[in-house]
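Each chain, written out:
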Amino acid sequence: MKLIKLDAIDSTNDFLKGISVLPETTNFTVVTAERQMKGKGQMGQKWESEYGKNLIMSVLVGDFCQDINQLFHLNIAFALSVIEALESFKVPELSVKWPNDIMSYQKKIGGILIENSIKSDGTIDSIIGLGLNVNQTNFTGLPKASSMSVVCEQAFERDVILEQIIEKLKNKIAQWNEKEVQFWTDYKNLLFKIGTPMPFSTANGEHFMGMIQGVSSIGKLQVLLEDDTVAEFDIKEIQMLY
């Protein structure tokens, strides 16, 4: 693992994207920052972090996804890697709020953003960004946010967490062909509120009740509706209200 540590940067994803074309930027190159001024989450949402408190990182993964229908495989591999790493630090009640929020109990402690680019030869490079709340304890104005330090009542070494996540990601990618079915099952079992009746809203503001059943092969959320049909939604079409 090649590690590039920065003090402050607009976005670790953007920085890694910019250097990904250089020959010295090898697979699993990691960029971290103490502060990220223009951090972003899913659907362009802004993500902010206290200086020096959290794990702000991006990692380059090349040639794992063979075509665009396999892009969600990397979401699964990385989410499982993060969860397993956090389990080793005894973080309680972990789950994945579809598609890429890491939860402890009912609160978000991390978020994943994966950006893919298709090269001229058809291969796909992916940059995985992770913002993980580690030692930050003040979340004023963010009632649904928390951190490892808050839920575990102790401080953590961010570099150790990073090493664990990358090691587990390498293992997941190496084992994917052999254990793909198991990984999909593991991810499904970790889904936040799976099997629980929950209110949702659509992009046009309509509310409805549903029950999460799983995720489709291309990463759409499968929801059992009140008429006993199962509908599939992508990230821009639905929001869980909790």
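The coordinates are above.
Thresholds, definitions, all that
- Residues numbered from 1 in each chain as written.
- Predicted model: local features only at pLDDT ≥ 70, side-chain atom pairs only at ≥ 80, totals over all residues.
- Heavy atoms only, no water.
- Pairing = 2+ DSSP bridges.
- Helix = DSSP H or I, 4+ residues; strand = E, 2+ residues; numbered from the N terminus.
- Core = buried A, V, L, I, M, F, W, Y, C linked by side-chain atoms within 4.5 Å.
- Buried < 20%, exposed > 50% of the residue type's maximum accessible area, 1.4 Å probe, protein only.
- Domains from an automatic or database assignment.
- Contact = heavy atoms within 4.5 Å.

A.B. asks: What am I meant to see in the pairing of strand β10 (residues 221-225) here?
C.D. replies: Within a regular beta strand, the side chains point alternately toward one face of the sheet and then the other, so they alternate between its two faces. As defined by bridge partners, strand β9 (residues 207-215) adjoins β10 across 5 bridges and the pair is classed as antiparallel. Each residue of the ladder has a partner; that of M211, found in β10, is L224. Two successive antiparallel strands, β9 and β10, enclose a turn made up of 5 residues, where G219 displays a positive phi of approximately 90°. Sheet analysis places β10 next to strand β11 (residues 230-233), joined by 4 bridges and oriented antiparallel. Across the sheet, residue V223 finds its bridge partner in β11, namely A231. What sits between the antiparallel neighbours β10 and β11 is a turn of 4 residues, in which D228 has the positive phi angle 70°.

A.B. asks: I tried to follow the nonpolar core on my own but got confused; where do I start?
C.D. replies: Taken as a class, soluble globular proteins show a tendency for nonpolar side chains to be buried jointly. Counting 62 residues, the largest nonpolar core has F78, L86, M148, I161 and Y187 as its most contacted members. Here this core takes 11 residues from helix α2 (residues 71-88), the largest share from any one element. Of the domains in this structure, domain 1 (3-190) and domain 2 (196-240) are the two that each give at least three residues to this core. Apart from the residues within four sequence positions on either side, I161 is in contact with L55, L86, F89, L132, V134, M148 and F156. Core analysis: the next-biggest nonpolar cluster, separate from the first, contains 9 residues, I4, I9, I19 and V31 among them.

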